[in-house]
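A look at the structure
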Amino acid sequence: MRINCPVCGERDRREFYYVGDAVALDRPDRDAGLDAWDSYVHLRDNPAGLTRDLWHHEAGCGAWLVVTRNTGTHAVSDVVLAREVVR
Amino acid sequence: MRLCQVETVPFTFDGVTYRGVVGETLAAALIANGVKMVARSFKYHRPRGVMGSGSEEPNALVTIGRGAAAEPNVRATVQEVYSGLEAFSQNAWPSLKTDVMAVNDLVSPFLGAGFYYKTFMWPKAFWEKVYEPVIRRAAGLGGLSGKADPETYEKAFAFCDVLVIGAGPAGLMAALVAGEAGADVILAEEDSALGGRLLAEVEDIDGLPAMRWVADVEARLQAMPNVRVMTRTAVTGAYDQGTFGAFERVDRAGLKACFWRIVAKRSVLCAGALERGIAFPNNDRPGVMMAGAVRAYANRWDVATGTRVAVFGNTGDVARTARDLTDAGIEVVTLIDAAAGEHVIGTKGRHGLTSITVDRNGVVEQIEVDCLAVTGGWNPTVHLTCHMNGRPVWDDAIASFVPTPGAVPDMVTAGACHGVFHTMGCLLDGAQIAEAVVKTLGLKAKPVVLPDADATPYVITPVWSVAGKGRKWIDYQNDVHVKDIELAARENFRSVEHMKRYTTQGMAPDQGKSSNVVALAVLADVTGRGIPETGTTTFRPPFVPVPIAAMGAGGAGMGFAPQRYTTSHAASAAVGAPMIEAGLWYRPSYFPAEGETNWRQSCDREVNMVREAVGVVDVSTLGKIDIQGPDAAALLDFVYSNTFSTLKVGRARYGLMLREDGHVLDDGTTARLGENHYVMTTTTAASGLVMRHLEFVLQVLRPDLDARVISVTEQWAQFGVAGPKSRELLNGLLDQGVDELPFMGCADVTVGGVRARLFRISFSGEMAFELAVPARFGADLYGALVDRAAALGGGPYGMEALNVLRIEKGFITHAEIHGRVTAFDIGLDRIVSLKKDCVGQAMSRRAGLLGGDRAQLVGLKPVGDVKQLSAGAHLFESDAEPVRVNGQGYITSVGFSPTLGVMLALGFLDRGRARHGEVIRMVDHMRGLDAQVEVCDPVFFDPEGGRVRG
Amino acid sequence: MGFSGFRVLKEGLFGQKGWTPQWRNPDPKDEYDIVIIGGGGHGLSTAFYLAKEHGMTNIAVLEKGYLGGGNVGRNTTIVRANYFLPGNSEFYSHSLNLWEGMEQELNYNTMMSQRGVINLFHSDGQRDAFARRGNAMVNQGDDAELLDVAGVRKHLPYLDFENGRFPIYGGLLHRRGGTARHDAVAWGYARGADQRGVDLIQNCEVTGIDIEAGVVKGVQTTRGAIRAKKVAIVTAGRSGQVAAMAGMRLPIESHVLQAFVTEGLKPVIDHVVSYGMGHFYISQSDKGGLVFGGDLDFYASYAARGNLPMKEHVMEAAMTLMPMIGKARVLRSWGGIMDMTPDGSPIIDKTHIEGLFLDCGWCYGGFKAVPGSGYSFAHLLATGQHHAPAAGFRLDRFRDGVGLMDEEGTGAQHNLH
């Protein structure tokens, strides 16, 4: 797999670290309750198809990226800096 | 037999010396020398000869070389001959001709598909003791030498606009068009020469022999700086975003092979087609060959595969084969036209074909031949188009599967693998497809003048299996025949995947390249379904088998992972300190002094030295992260469970970091160097992880924070100076005095004018400092520190002593914070500040992570006769049986304390903090230890902490 | 009809004509007591033990493709009981016991071969961690031996003891561990379940789960609606999609794990060897192929095919550990979809929907669990009570943090287990 880092350009998969679903962008308030936190830390939509997940260009610029990707084909349709994702 | 005079060199096969032509294939050379039988089959050990002329060869697998360099399962049809080549047959004992295991063939009626699932079950113990060892010994083809592979392999990356896979007529045209349009082109060809089938056929292009055209195109390609021609390079796999694996057989300049990672914007697959056979009785004898291979040996290698040849098939290749052989002076005895209902229904000749029995619509005759050329048609080489889960589709016109367009993104197919089966069509297809491809790259193809070439239409009457008694082999390598497929269907293994797995069809080294389509057709026939409905199994990478040494090039020995060395490494190694590894760093274990014969003596001395005088230890491997910015404090408050915004400038504090799931991630001290400037210390093992975590927090969780982090682990060399004489050591070495620096203080200092950082922190419980200098000064500073320590009765200490010192003080490492531990477990839940949010805070409040029966950190001391404690031992009530249901905890760290004269342990015990003083049982089945131990506070030494404060 | 050496001889004499289908191809009935979604190893063994241990035969196994086509047909065939956390220990111990009687229980030679599993360690700290594991195994009643370097050398003389990147300090030997013929396990359970009256329905994809007022009523399939008193989801990597039909989100992320096999070679590796520092493990099949694998590809995927960087990493690990393997050629590589949980341990539980049950989250370790999972899940389905050895596999442990079984200690990041 190759990912088009917005900072560095297209790079091989081996430069990136993967952490999981971009659900991490929506961190609950600390008093949001156990269900909200369970959902955030554990539960996953785990879609067979388009997903948004978080990658770290660890062996490159160090940017955390939100990658829109198809889990069935590995086609990457969008890559943006996590910092720039509006919440 | 050779068809012309050539210059030859000697080579051997099974110890017999023959002569071959340098660069021809071993198969060609063996055939030229009249060697018919070259191998034994996998299951029944049937005699087998060369079948084909390419890497798809199912039969002629040999071992090349001897000793550590011996290479098993080499295709004789690919191996090039050189002077002194040594080849050996496989899977036969004592010899190829006299093979004991050939007895399997005699009892084959009992060894049908899957027979082993139904027997060998009684008596129960016999499977592993009797049956399986026999089966294992009989199985396998060639053998590994058991010695390290002595040859050199490498890996490389390549990038291009257009990767053309295969250099037959379609691939050559595609590469030419793409190259002339200005694209960066890689043309990868598995063979040693360009041309594809043109190498093996007698055809004209523009009125001249086809190979003249090939040579002309090759010259034009080589002349273009934007085109790279790679021969002996098989593209092995298609991966995401235009990435391909390719295996290059180099065999020169000391290099055995190279594994390529090729990244291409576009790819054109021109992999050609593979010929298939026909299932007829005893169609596996040496001398029964693919018609295309028979032509290849005659036309390309000038070698006759027989003296009396018959040709059997269902396409125009029957006549073409007869024509070529006749022109080459080889006698063609008879043609059997399967399309007209004429069949070969039997063969004879144990170690080589002697005759065939032919049924021409009821007229049966036996004909003496020593070679039978067979063709059942051609299958497009669709393999790479299946590597991303694409499934090929059935095409009735060619009675085979063709690729599904778009099966691999940005890949198109051209030529025979695209279902185009004559040279003119391939040239046209290659040119047109390349024109379209370069257009998508924004390039414009130059006008192409297509040469004139053979355009005979491909006409096929599908023939899969003929009537007649005897086994009709389909998968030669795994000895699968028609009846096996019938049996599978009878037992309801009717799904194509079930049939494959039950019969092992297509699972041998050729992965069914020569047999899968025939097997599917037979299954379809037996089950009364059409072939499209029956479906196919999946082709998976690699296209040709790749040596582990090639794909794993660089991994052998120390190459597998980086080795990290501290600035003091040379000095430690010079005094004979054995090294241990932590987080890829090498650290001294202990420093043996004169007269010391084991590590414990050294360790005890070093511990005493620190407790009584002063010791020096390199702590540079601990992660150091520089944190700056207006929100640096807020960042630390968010990543640490305790508070750092209240830390005064010039002070350091212990910090505990949680994962978002509420468990402990890491710990360390962080110092505030300025209002907006901190330097964080992590454990050695977690330094990378914590750095990534901080970036995650800053970029993903809290982009509102204005702070920056950078790893400075390798930029600073840092040394611990610990012991009652540590102040004395540093005073006079530093340009400033250290007496004023309070416990947990930090300061900018200079050492001989060099900028340095001084921290008064301790991991030993003694008064201690850590002194950091830019790494280039590390070695010098270490030398100075050790010299000064020696003058004070101290010296360097290693990891063993460091470990004992910290156990005496109950300090934890990753042996304790092993990923399943909470702040509560280590008695630090009170430092999780609830005044602010932090990573892991919410989840750390879950019921299961607090209180209850959780195991808690305790100290343990032996109180019985057994004084030995061990990490990894489990804990039980003092009189309980050591079984799982009685388990109450485990020991994480042990060390002999010279200070207290006893072995000490840290561990986790259910409700342990409430059980100090209780005597319990420690059992280590692994080391045969069973001891009574007393539960106590984990701080064994100087619990008041007076020493550290001085 | 039973399988035996005698029968093999007899059929051999008569041209193998007397063999009959190993299972039927029934059409689905309108209603079953229990519908099991997923005809893989766990689904088939669940059906078998429901029939054998609980006398329940009005059961259907619905498989969208062919029986045994999921992870049971694409794993590296390793069987072991070397877990160390309570909850896992007793479960895998029970499963190993079932493995040891499987051939007789199923009248099917699944070629269980207790070749011994050796986990290597490379530091003092790792030795202690493996000692703790070994002690847990012995405490549980299973076998474990801590080998020193000489002990490892005796068993595995071909390792690179001198120049390998990570020096070998020793190994944990688990003699009862080994390998089995993976497809045969699926087929043996299928045949056994079918013989007891279970309907195994292939090419039948579940498209919906019918729930009324919080109670499961049946399933919708590509072969029509099927009513059921209980529905069991046993769909491994596809658990998320099937559970979503019931409106549930699971603590599961699906990841690809690759596996590799070389061309057939004469016997050279006798044990299952596991090299944690390089995430590499290997054994040799009875056919002679070296079967090996490594770590996950690390990103969520349903593609069932592996990436190139991980292939290279696995082979590099092979080369530093056992450089004699260099001339072996990789013949085929493939990927399975692993249902990764936040603690790396599985789930066998009821759900908040009455009559809907879950058996999933086996991560990359589902093969060795096939008999134990089926046995325990059948117990839960039949009795409504958790089977003791699997009582720890609760769905709510993540939410409440009670009884987490994080063997790797890497925390709630699905792909790190």
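Residues numbered from 1 in each chain as written. Chains lettered and ligands numbered in written order. Predicted model: local features only at pLDDT ≥ 70, side-chain atom pairs only at ≥ 80, totals over all residues. Heavy atoms only, no water.

A word on the packing of aromatic side chains. By convention here, two paired aromatic rings are described through the distance between centres and the angle between planes. One pass over the structure, following the stated rule, counts 46 aromatic pairs over all chains. Plain terms: the ring middles of Phe493(B) and Trp187(C) are 4.7 Å apart, the flat faces sit at 70 degrees to each other, and that makes the pair edge-to-face. In this pair, Phe493(B) is assigned in the loop between helix H9 (482-490) and helix H10 (496-503) and Trp187(C) in helix H7 (residues 182-195), connecting two distinct chains. Assessed through its relative accessible area of 0%, Phe493(B) is described here as buried. On the accessibility criterion, Trp187(C) (1% relative accessible area) is buried. Ring centres 5.2 Å apart and planes at 15 degrees place the aromatic pair Tyr565(B) and Tyr586(B) in the stacked group. In this pair, Tyr565(B) sits in strand E31 (residues 564-565) while Tyr586(B) sits in strand E33 (residues 585-588), placing the two residues 21 residues apart along the sequence. Judged by its relative accessible area of 13%, Tyr586(B) falls in the buried class. Taking NZ or CZ as reference, Arg48(B) lies 5.5 Å from the ring centre of Trp473(B), over its face. Arg913(B) extends its terminal NZ or CZ atom over the ring of Phe824(B), reaching a point 4.8 Å from the ring centre. (Phe/Tyr/Trp six-rings, centres within 6.5 Å; stacked < 30°, edge-to-face > 60°. Helix = DSSP H or I, 4+ residues; strand = E, 2+ residues; numbered from the N terminus. Buried < 20%, exposed > 50% of the residue type's maximum accessible area, 1.4 Å probe, protein only. Lys NZ or Arg CZ within 6 Å of the ring centre and 35° of its normal.)

Attention now goes to the sheet that holds strand E5 (residues 145-148) of chain C. Judged by pairing direction, the sheet is mixed, and its nine strands sit side by side in the order E30(B)-E16(C)-E12(C)-E15(C)-E14(C)-E13(C)-E4(C)-E6(C)-E5(C) without closing on themselves. Only two strands of the sheet have a single partner each, and these edge strands are strand E30 (546-547) of chain B together with E5 of chain C. When strand E14 (residues 280-284) of chain C meets strand E15 (residues 289-300) of chain C, the two strands line up antiparallel, connected through four bridges. Considered in E15(C), the bridge of Ser283(C) is made with Val291(C). Against the sheet, helix H9 (residues 308-321) of chain C engages strand E4 (117-121), strand E12 (253-264), strand E13 (272-275), E14, E15 and strand E16 (329-340) of chain C, with an angle of about 135 degrees to E15(C). (Pairing = 2+ DSSP bridges. Contact = heavy atoms within 4.5 Å. Axes fitted to C-alpha atoms, helices over the stretch in contact; angles between N-to-C directions.)

Right, let's get into the sheet that holds strand E50 (residues 929-936) of chain B. All names here are of chain B. Spatially, the six strands close up into a barrel ordered E45-E48-E47-E46-E49-E50, and their pairing is antiparallel. Averaged over neighbouring strand pairs, the angle between their axes works out to 45 degrees when direction is ignored. In this sheet, strand E48 (residues 902-910) lies alongside strand E47 (residues 889-897) in antiparallel orientation, the contact comprising eight bridges. Within the sheet, the bridge partner assigned to serine 893 lies in E48 and is leucine 906. Relative to E47, helix H20 (residues 799-808) is tilted by about 115 degrees, and along the sheet it contacts E47 and E48.

As a further point, take the domain arrangement of chain C. Residue and element names in this part refer to chain C. Partitioning chain C into structural domains gives domain 1 (5-78 + 183-251 + 343-416) and domain 2 (113-178 + 253-340). Just the C-alpha atoms count here: the centres of domain 1 and domain 2 sit 28 Å apart. Opposite the 20 residues of domain 1 that make contact, domain 2 presents 23 residues. Interface area, domain 1 with domain 2, both sides summed: about 1,800 Å², of which 55% is carbon and sulfur. Between domain 1 and domain 2 we count one salt bridge in total. (Domains from an automatic or database assignment. Buried area = accessible area lost by both parts, 1.4 Å probe. Salt bridge = Lys/Arg side-chain N within 4 Å of Asp/Glu carboxyl O.)

Our focus in this paragraph is the interface of chain C and chain B. Bring the parts together and some accessible area is lost; that lost area is often taken as the interface size. If you look at the interface, chain C gives 124 residues, while chain B gives 121 residues. When the two sides are added together, the surface that chain C and chain B hide from each other amounts to roughly 9,900 Å², 54% of it contributed by carbon and sulfur. For Lys155(B), the salt bridge is made with Glu316(C), and the minimal N-O distance between the two is 2.4 Å. Scanning the region where chain C abuts chain B turns up 78 residue pairs in polar contact (both at pLDDT 80 or more). Among the residues forming the side of chain C that touches chain B, the class breakdown is 53 nonpolar, 38 polar and 33 charged. Relative to E16(C), E30(B) runs antiparallel, the two being bridged by two bridges. In the strand pairing of E16(C), Pro547(B) is matched with Arg329(C). (Polar contact = N/O pair within 3.5 Å; in protein donor to acceptor, adjacent residues only side chain to side chain. Nonpolar A, V, L, I, M, F, W, Y, C, P; charged D, E, K, R; others polar.)

Before going further, it helps to spend a moment on H9(B). Residues and elements named next belong to chain B. Listed as buried for H9 are Val482, Asp484, Ile485, Leu487, Ala488 and Ala489. In this structure, the buried side of H9 is in contact with strand E28 (473-475), strand E29 (480-481), H10 and helix H11 (516-527). Just downstream of H9 lies asparagine 492, where phi reads positive at about 75 degrees.

A few words on a nonpolar patch on the surface. Residue and element names in this part refer to chain B. Nonpolar side chains collect at one region of the surface, where Val103, Leu106 and Val107 lie side by side and expose about 270 Å² of accessible area between them. With respect to the secondary-structure elements, leucine 106 resides in helix H2 (residues 103-106). A residue is classified by how much of its surface remains accessible, and leucine 106, at 69% relative accessible area, is exposed. (Patch = residues over 30% accessible without salt bridge, like charges linked within 9 Å, V, L, I, M, F, W, Y side chains within 5 Å. Areas by Shrake-Rupley, 256 points an atom, 1.4 Å probe, with all protein chains shown as cover.)

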